[in-house]
Amino acid sequence: MTTRSSSSAVKGPAAYFPSIEKKYGRPVAHWQELIRSSPLTRHMELVSWLKTEHGLGHGHANALVAYTLAESGGK
């Protein structure tokens, strides 16, 4: 019997990263750099910007922004 450890599963925004890289053909680091270098600072402003200017879907944009802002302490 094989049991799968729940601690091995990626959770939260990072769970979207493989599909983001596959769908848009760019590494997550590319999107994070765009977010960090943007003059925008609010979560939903950044999500809207990624959607309109870079063609990301809402869930993918939201995951990238949430992860990046949390990582950088809220920008």
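Residues numbered from 1 in each chain as written. Predicted model: local features only at pLDDT ≥ 70, side-chain atom pairs only at ≥ 80, totals over all residues. Heavy atoms only, no water.

Novice: Whenever I open this one, the nonpolar core confuses me. Can you help?
Specialist: Where a protein is soluble and globular, its nonpolar side chains tend to be buried together. In this structure, Trp 31, Leu 50, Leu 56, Leu 64 and Val 65 are the most contacted members of the largest nonpolar core, which totals 16 residues. Put simply, the parts of the chain that give this core at least two residues each are α1 (17–24), α2 (28–37), α3 (43–54) and α4 (58–71). Setting aside residues up to four positions removed in sequence, Trp 31 forms contacts with Ile 20, Tyr 24, Arg 26, Leu 50, His 54, Leu 56 and Leu 64. (Core = buried A, V, L, I, M, F, W, Y, C linked by side-chain atoms within 4.5 Å. Buried < 20%, exposed > 50% of the residue type's maximum accessible area, 1.4 Å probe, protein only. Helix = DSSP H or I, 4+ residues; strand = E, 2+ residues; numbered from the N terminus. Contact = heavy atoms within 4.5 Å.)

Novice: Just to check I follow, could you spell out the packing of α2 against α3 for this structure?
Specialist: When two helices pack together, their arrangement is given by the angle between the helix axes and the distance between those axes. Their axes nearest at 11 Å, the elements α2 and α3 cross at an angle of 120°. On the basis of the axis angle, α2 is oblique to α3. Crossing angle aside, the handedness with which α2 passes α3 is right-handed. Seen from α2, the contacting residues are Trp 31, Leu 34 and Ile 35; seen from α3, they are Leu 46, Trp 49, Leu 50 and His 54. (Axes fitted to C-alpha atoms, helices over the stretch in contact; angles between N-to-C directions. Parallel < 35°, antiparallel > 145°, perpendicular 65-115°, else oblique. Left-handed = near helix turned anticlockwise from the far one by under 90°.)

Novice: Honestly, the packing of aromatic side chains in this entry has me stumped. Any pointers?
Specialist: Given two aromatic rings, their pairing is described by the distance between the two centres and the angle made by the two planes. Evaluated as defined, the whole model comprises two aromatic pairs. Considering the side-chain rings of Phe 17 and Tyr 67, the 4.9 Å spacing of their centres and the 80° angle between planes classify their relative orientation as edge-to-face. Pair noted here: Phe 17 is in helix α1 and Tyr 67 is in helix α4, with a separation of 50 residues, a long-range link. Since its relative accessible area comes to 13%, Phe 17 is described here as buried. (Phe/Tyr/Trp six-rings, centres within 6.5 Å; stacked < 30°, edge-to-face > 60°.)

Novice: In this structure, what is going on with the confidence of the model for the protein? I would like to understand it.
Specialist: In regions of low pLDDT, the predicted coordinates are not meant to be interpreted in detail. Looking at the protein, the pLDDT average stands at 90 and 87% of residues meet or exceed 70. This stretch, residues 1–6, has a pLDDT under 50; its non-local contacts, to residues over four places away or in other chains, come to two contacts. (pLDDT = per-residue confidence, 0-100.)

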